[in-house]
Amino acid sequence: MAKPKITLYVDIVSPFAYIAFYALQNFPVFKQCEITYIPILLGGLMKQCGNTPPLQVKNKDKWIATERSRWSDLLHIPISKTTPPGFPINTIAIQRTLCSIELSHPQSLTSAISLFFQNFWVHYNEPTKPENLLAIVRTVLGDDETAKTIVGRQGSDEIKAQLKGNTDRAFNEGAFGLPWFVATNERGETEKFWGVDHLGQLCDHLGLERPGGRGWRALL
């Protein structure tokens, strides 16, 4: 039978996309799954949906920080206790760079997403600054000239179209926010899930045994 498959749509700006990404990458329950990560522009998705950004909703803007702290503590996921300065920050340069890597070095995409998330949500290091963005890509690819080429392509029509296409794909899959999971089990049945709190239902659909522990008992 085919392996369980998960597609996770990500934008570095989303703390909950980070928590979901960390879980898929590090929790043993997901090691048997075939996982695909797709960079999108969360702001573009919200606009397509007519969805109000959470930080523009009174009281919800404060709730976001509380919620991400609770879930990261429950699931033992490293995350900064302080919100990045100026949050929410425009991540279009990062997301286009990830699309550039997706097209030319797909084998390095997961590592790039991981390092950008670390520099945004674990220890904020101004990853949108051009010199810092380039340094992150250089660390992932191991070559300065290649990194410059990858970053330099972010303004091209090809890369802009790739990011828009990825965002359209998320929208067409039913997404209205992040994290958005598309999961196919061994029987070929596909379901969609939104939110870190639905990781338990994700496991159930994929036929994976939910781990024990207080954090997993809190999940839907």
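Just so we're clear, the structure is a prediction, and the values are computed from it rather than from any experiment.

About the thresholds
- Residues numbered from 1 in each chain as written.
- Predicted model: local features only at pLDDT ≥ 70, side-chain atom pairs only at ≥ 80, totals over all residues.
- Heavy atoms only, no water.
- Helix = DSSP H or I, 4+ residues; strand = E, 2+ residues; numbered from the N terminus.
- Buried < 20%, exposed > 50% of the residue type's maximum accessible area, 1.4 Å probe, protein only.
- Contact = heavy atoms within 4.5 Å.
- Expected span 1.5 Å × (residues − 1).
- Salt bridge = Lys/Arg side-chain N within 4 Å of Asp/Glu carboxyl O.
- Phe/Tyr/Trp six-rings, centres within 6.5 Å; stacked < 30°, edge-to-face > 60°.
- Pairing = 2+ DSSP bridges.
- UniProt positions renumbered as here; feature names shortened; annotations may be inferred.

### Details of the environment of Ala175
Item 1. You can see Ala175 is positioned in the loop between helix H8 (157-172) and strand E3 (180-184).
Item 2. With relative accessibility at 3%, the residue Ala175 sits in the buried group.
Item 3. Remark: the alpha-carbon pair of Ala175 and Lys192, spanning 17 residues in sequence, is separated by 8.5 Å.
Item 4. With near-sequence residues (within four places) excluded, Ala175 lies in contact with Leu45, Cys49, Ala170 and Trp180.

### Topic: helix H4 (residues 92-104)
Item 1. Helix length check: H4, at 13 residues, gives a terminal C-alpha distance of 18 Å against a target of 18 Å (1.5 Å per residue), a fit within 8%.
Item 2. Within the sequence span of H4, burial applies to Ile94, Gln95, Arg96, Thr97, Leu98, Cys99, Ser100, Ile101 and Glu102.
Item 3. Where H4 is buried, its residues touch strand E1 (5-10), strand E2 (34-39), helix H5 (109-122), helix H6 (130-141), helix H7 (144-152) and H8.

### A few points about the pattern of salt bridges
Item 1. All chains considered together, the criterion is met by nine salt bridges.
Item 2. A salt bridge links Lys164 to Asp168; the shortest N-O distance between them is 2.9 Å. Here Asp168 and Lys164 lie together in helix H8, a separation of four residues that amounts to about one turn.
Item 3. Look at Asp168 and you get partly exposed, because its relative accessible area is 21%.

### Quick look at the packing of aromatic side chains
Item 1. Applying the stated criterion across every chain yields a total of 11 aromatic pairs.
Item 2. A ring pair is formed by Phe21 and Phe117, whose centres lie 5.5 Å apart and whose planes are at 45 degrees; its orientation type is tilted. Taken together, the positions of Phe21 in helix H1 (residues 15-26) and Phe117 in helix H5 put the pair 96 residues apart, joining distant regions of the chain.
Item 3. With relative accessibility at 3%, the residue Phe21 sits in the buried group.
Item 4. Residue Phe117 is classed as buried on the basis of its relative accessible area of 0%.
Item 5. Three or more aromatic residues joined by ring pairs form one cluster here, namely Tyr18, Phe21, Tyr22, Tyr37 and Phe117.

### Some details on the pairing of E2
Item 1. With six bridges connecting them, E1 and E2 associate as parallel partners. The residue of E2 that forms the bridge with Thr7 is Thr36.

### As for the side chain of Arg96
Item 1. By the secondary structure assignment, Arg96 is in helix H4.
Item 2. With residues near it in sequence (within four places) discarded, Arg96 still touches Gln154, Ile159, Lys160 and Leu163.

### Structural notes on H1
Item 1. Between the first and last C-alpha of H1 there are 16 Å, a value that for 12 residues agrees with the 16 Å anticipated at 1.5 Å per step.
Item 2. Burial within H1 is extensive, with nine of its 12 residues counted as buried.
Item 3. Along H1, the positions that sit buried rather than exposed are Pro15, Phe16, Ala17, Tyr18, Ile19, Ala20, Phe21, Ala23 and Leu24.
Item 4. Considering only its buried residues, H1 is in contact with E1, E2, helix H3 (60-74), H5, E3 and helix H9 (199-206).

### Observations regarding the UniProt feature "active site" (unreviewed entry) in the chain
Item 1. UniProt feature "active site" (unreviewed entry): in the numbering of this structure it lies at Ser14.
Item 2. Mapped onto the secondary structure, Ser14 falls in the loop between E1 and H1.
Item 3. Each residue touching Ser14, except ones within four places of it in the same chain, is listed here: Leu42, Phe117, Trp121 and Leu178.

### Some thoughts on unusual backbone geometry
Item 1. A cis amide bond links Phe87 to the next residue, Pro88, at an omega of 5 degrees.
Item 2. Its location among the elements puts Pro88 in the loop between H3 and H4.
Item 3. Between Leu178 and Pro179 the backbone carries a cis peptide bond, its omega angle lying at 0 degrees.
Item 4. Unlike most non-glycine residues, His76 shows phi in positive territory, near 55 degrees.

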